[in-house]
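Survey of secondary and tertiary structure
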Amino acid sequence: MVENERLRQELRHCETELQELRAQPAGPCPGCEHSQESTQLRDKLSQLQLEVAENKGMLSELNLEVQQKTDRLAEVELRLKDCLAEKAQEEERLSRRLRDSHETIASLRAQSPPVKYVIKTVEVESSKTKQALSESQARNQHLQEQVAMQRQVLKEMEQQLQSSHQLTVQLRAQIAMYESELERAHGQMLEEMQSLEEDKNRAIEEAFARAQVEMKAVHENLAGVRTNLLTLQPALRTLTNDYNGLKRQVRGFPLLLQEALRSVKAEIGQAIEEVNSNNQELLRKYRRELQLRKKCHNELVRLKGNIRVIARVRPVTKEDGEGPEATNAVTFDPDDDSIIHLLHKGKPVSFELDKVFSPWASQQDVFQEVQALITSCIDGFNVCIFAYGQTGAGKTYTMEGTPEDPGINQRALQLLFSEVQDKASDWEYTITVSAAEIYNEVLRDLLGREPQEKLEIRLCPDGSGQLYVPGLTEFQVQSVDDINKVFEFGHTNRTTEFTNLNEHSSRSHALLIVTVRGVDCSTGLRTTGKLNLVDLAGSERVGKSGAEGSRLREAQHINKSLSALGDVIAALRSRQGHVPFRNSKLTYLLQDSLSGDSKTLMVVQVSPVEKNTSETLYSLKFAERVRSVELGPGSRRAELGSWSSQEHLEWESACQTTQSSARAHSAPSSGTSSRPGSIRRKLQPSA
């Protein structure tokens, strides 16, 4: 307590000195930066005061801890006294019992000889004496048993006495341990109090020294500021003179400005003439480079191979479930985006394709890889893009997408419209769209008035050897709205059902056929390009999908057509003379795309979960086989010739149909998206 009182007096003395320092005048410049430094010093001093208060709190906590340990020691001493008293009482009781036992034993030993003597002397007496003898023997046996019991009790008493001695030794050891702990705690408390006092004195001395040094620096800086103020006055006078000179120069500025404007106008006019001449030269070079770029682009696509294969891995979804079967079994090469690794039955298997897209790839990323093929359709090439994979792997999402994030189909038509608009000054294009599906080996028109009507595949009568579908409805489209209406109408007629593997499983092969016809207005060159976008139905195992009845027949037809596609790829790969295109409606319809007259690309969709590794392995092996097929360079369908009067009339009729079709699409109507009939009235077939 005396030490604490001394610390409080020193603290009050420091506070008094601090107040005196605060009461000193701040000087003639209270708003300068040195006042801020003084404020910082005051803040540091307040922090030191807080540290002193914390040290006092720690000291009070240590005093409280010492008091608690002292109370605990007193309690232990009381318990020890009670134990010693109980031990003394127990020893006195045991000693009394021991004395009683010794006395009993002595009395019994004193009585024993007469009993033995009686036993020996009554052997010749009567039966009454024999009975008394037996009773005496029984009593003697009972007394011997009591003596044995007393000896046992005496032994137990000796053991209890020994345990009491051991307990006393343990209690004395604990008392010694508590006393040493109390002495150690007291020593630690004294050391901590001494260290706290030293820290406090050191902190106060350092704060006071820093305050003096910083205050001295403040005074020196203040003197420097006063010196600077005295030197700034001549500079201010110099600036005033310069300002007056500039003011006189500004009065003559309008004349100089007019003269400068006349010279700048002349220079700008000369520069504009030079830029116009340069623009004409650049425009000529641009057109030449545009032709060269188109030639290089087509050559690049041809050199990459007619059948290119890209893979896309869908992300793991909640429909895949949980547990070991839903773990990811597909990995990617960080240095090569054409390598994919599959862990099948504990063994890694690697595949090399033209491009591999991870689950984080967007629809736009996939479309950028295929848009080069789509643009070649405008130049008169046949292009085919088809999606392959097991059911539920994401083929329909890649090809069709969603309204918010469309797939390849809608993006391809949007790109075609953009390219057509860019070439509108030199070319005139017409874009028509058809949609069909192959359901249970039956070809059906998704845009026709009777979607259930069966269609057949025929050879073109013009002798070109190409295939066409008589009676297939063809719509002319001119805007994105037309595309959405066509997709909506075709989607309502496509066959989808629920299975154990996919809630909206496609039960048919869907084909979107886009035909682009163009005419060069200056040369009369006519091109015809066809873009086939195919969404194949997913291969499935009947045991996994749980297909029954009609679903089972659908699955059988789907697997049969995909097996026929595999046979065609095998025949093309081995360069056989006969390719079995006619074994299935699917391969027969894709004959033009797989026979060397088309640029073909396959998108293989992959499921990454463990339970689908067998199907994923089969899909990737099939993709490698397709990638090794060489079909040869694609041919361009273009004709150069003069316009006949009949062709000119047909072209004007087509243009008029285009304009009337556009007006029909832009006219307002109600309920166009709810009924297929109203959609058909909005989309008129092209002539």
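Read on for a plain summary of the structure. This one's a predicted model, so the numbers in the text were calculated from it and none came from an experiment.

Procedures and definitions
- Residues numbered from 1 in each chain as written.
- Predicted model: local features only at pLDDT ≥ 70, side-chain atom pairs only at ≥ 80, totals over all residues.
- Heavy atoms only, no water.
- Pairing = 2+ DSSP bridges.
- Helix = DSSP H or I, 4+ residues; strand = E, 2+ residues; numbered from the N terminus.
- Axes fitted to C-alpha atoms, helices over the stretch in contact; angles between N-to-C directions.
- Buried < 20%, exposed > 50% of the residue type's maximum accessible area, 1.4 Å probe, protein only.
- Salt bridge = Lys/Arg side-chain N within 4 Å of Asp/Glu carboxyl O.
- Phe/Tyr/Trp six-rings, centres within 6.5 Å; stacked < 30°, edge-to-face > 60°.
- Lys NZ or Arg CZ within 6 Å of the ring centre and 35° of its normal.
- Expected span 1.5 Å × (residues − 1).
- Bend = angle between axes of the 7 residues up to and from the residue.
- Parallel < 35°, antiparallel > 145°, perpendicular 65-115°, else oblique.
- Left-handed = near helix turned anticlockwise from the far one by under 90°.
- Contact = heavy atoms within 4.5 Å.
- Nonpolar A, V, L, I, M, F, W, Y, C, P; charged D, E, K, R; others polar.
- Core = buried A, V, L, I, M, F, W, Y, C linked by side-chain atoms within 4.5 Å.

With antiparallel pairing, the three strands of this open sheet are ordered in space as 2-3-4. Because the sheet does not close on itself, it has two edges, and the strands there are strand 2 (330-332) and strand 4 (347-352). Put simply, the sheet's adjacent strands are angled 25° from each other on average, direction ignored. Both strand 2 and strand 3 (residues 339-344) contribute to a ladder of three bridges, which runs antiparallel. By the bridge assignment, Val 330 is partnered in strand 3 with Leu 342.

For the rest of this paragraph, the subject is unusual backbone geometry. The phi dihedral of Asn 440 is positive, around 55°, even though this residue is not glycine. With respect to the helices, strands and loops of the structure, Asn 440 is situated in the loop between strand 7 (427-439) and strand 8 (442-445). Exposure remark for Asn 440: the relative accessible area of 23% places this residue in the partly exposed category.

Attention shifts here to the pattern of salt bridges. Evaluated as defined, the whole model comprises 12 salt bridges. One salt bridge connects Glu 92 with Arg 96, and the closest N-O pair in it is separated by 3.5 Å. Highlighted residues: Glu 92 and Arg 96, both in helix 2 (residues 33-121), separated by four residues, approximately one helical turn. Assessed through its relative accessible area of 47%, Glu 92 is described here as partly exposed. In this structure, Arg 627 and Asp 354 form a salt bridge, with 3.3 Å as the shortest nitrogen-oxygen distance. With a gap of 273 residues between them, Arg 627 in helix 13 (residues 613-627) and Asp 354 in the loop between strand 4 and strand 5 (355-357) connect regions that are remote in the sequence. Classification of Arg 627 by relative accessible area gives partly exposed; the value is 32%.

Glancing now at the packing of aromatic side chains. Enumeration over the complete set of coordinates arrives at two aromatic pairs. Plain terms: the ring middles of Tyr 388 and Phe 622 are 4.6 Å apart, the flat faces sit at 35° to each other, and that makes the pair tilted. Taken together, the residues Tyr 388 in strand 6 (residues 382-388) and Phe 622 in helix 13 connect sequence positions 234 residues apart. Overall, the relative accessible area of 2% leaves Tyr 388 in the buried class. Given the relative accessible area of 1%, Phe 622 is considered buried. A cation sits over an aromatic face here: Lys 599 above Phe 381, 3.9 Å from the ring centre.

Residues separated by three or four positions in an α-helix point in the same direction, a consequence of the helix having 3.6 residues per turn. In this model helix 5 (residues 363-378) runs 22 Å from its N-terminal to its C-terminal C-alpha over 16 residues, within 8% of the 22 Å that 1.5 Å per residue would give. If you look at helix 5, its biggest bend is around 45°, right at Val 370. What helix 5 keeps buried is the set Gln 363, Val 366, Phe 367, Val 370, Leu 373, Ile 374, Thr 375, Ser 376, Cys 377 and Ile 378. Following helix 5 by one or two positions, Gly 380 adopts a phi angle in the positive range, close to 105°.

What follows concerns the packing of helix 5 against helix 7 (residues 408-422). Relative orientation of the contacting elements helix 5 and helix 7 amounts to 50°, with a least axis distance of 9 Å. Considering their axes alone, helix 5 and helix 7 lie oblique with respect to each other. When the axes of helix 5 and helix 7 are compared, the crossing they make is right-handed. The segment helix 5 lies against helix 7, with Gln 363, Gln 364, Val 366, Phe 367, Val 370, Gln 371, Ile 374, Thr 375 and Ile 378 engaging Ile 408, Arg 411, Ala 412, Leu 415, Leu 416 and Glu 419. Broken down by class, the residue content of the contact of helix 5 with helix 7 amounts to nine nonpolar, four polar and two charged.

Right, let's talk about the nonpolar core for a bit. Generally speaking, a soluble globular protein has its nonpolar side chains buried in company with each other. Val 309, Leu 443, Leu 536, Leu 594, Met 602 and Val 604 are the most contacted members of the largest nonpolar core, which totals 51 residues. Element by element, the count of residues in this core is highest for helix 10 (residues 550-573), at seven residues. Leave out the neighbours within four places in its chain, and Leu 594 touches Ile 307, Leu 565, Val 568, Leu 572, Phe 581, Thr 600 and Leu 631. Within the second largest apolar cluster, 41 residues are counted, among which are Phe 367, Leu 373, Trp 427 and Val 516.

Here we come to the packing of helix 10 against helix 13. Packing of helix 10 against helix 13 leaves a shortest axis separation of 9 Å and a crossing angle of 40°. Viewed along their axes, helix 10 and helix 13 adopt a mutual orientation that is oblique. Considering only the axes of helix 10 and helix 13, their crossing is left-handed. On the side of helix 10, the interface is formed by Leu 565, Gly 566, Ile 569 and Arg 573, while helix 13 contributes Phe 622, Arg 625 and Val 626.

Our next topic: the pairing of strand 7. With 12 of its 13 residues buried, strand 7 lies for the most part within the structure. Relative to strand 15 (residues 509-520), strand 7 is paired through 12 bridges, and the arrangement is antiparallel. Among the inter-strand pairings, Ala 436 is bridged to a residue of strand 15, identified as Leu 511. The sheet contact formed by strand 7 and strand 8 spans four bridges and is antiparallel. What sits directly across from Glu 437, in strand 8, is Arg 444. Hairpin connection of strand 7 to strand 8: two residues between the antiparallel strands, including Asn 440 at a positive phi of 55°.

Here Thr 398 shows up in helix 6 (residues 395-399). Thr 398 sits in the buried class, given a relative accessible area of 1%. Among residues more than four places away in sequence, those in contact with Thr 398 are Arg 312, Gln 363, Val 366, Gly 407, Ile 408, Val 603 and Gln 605.

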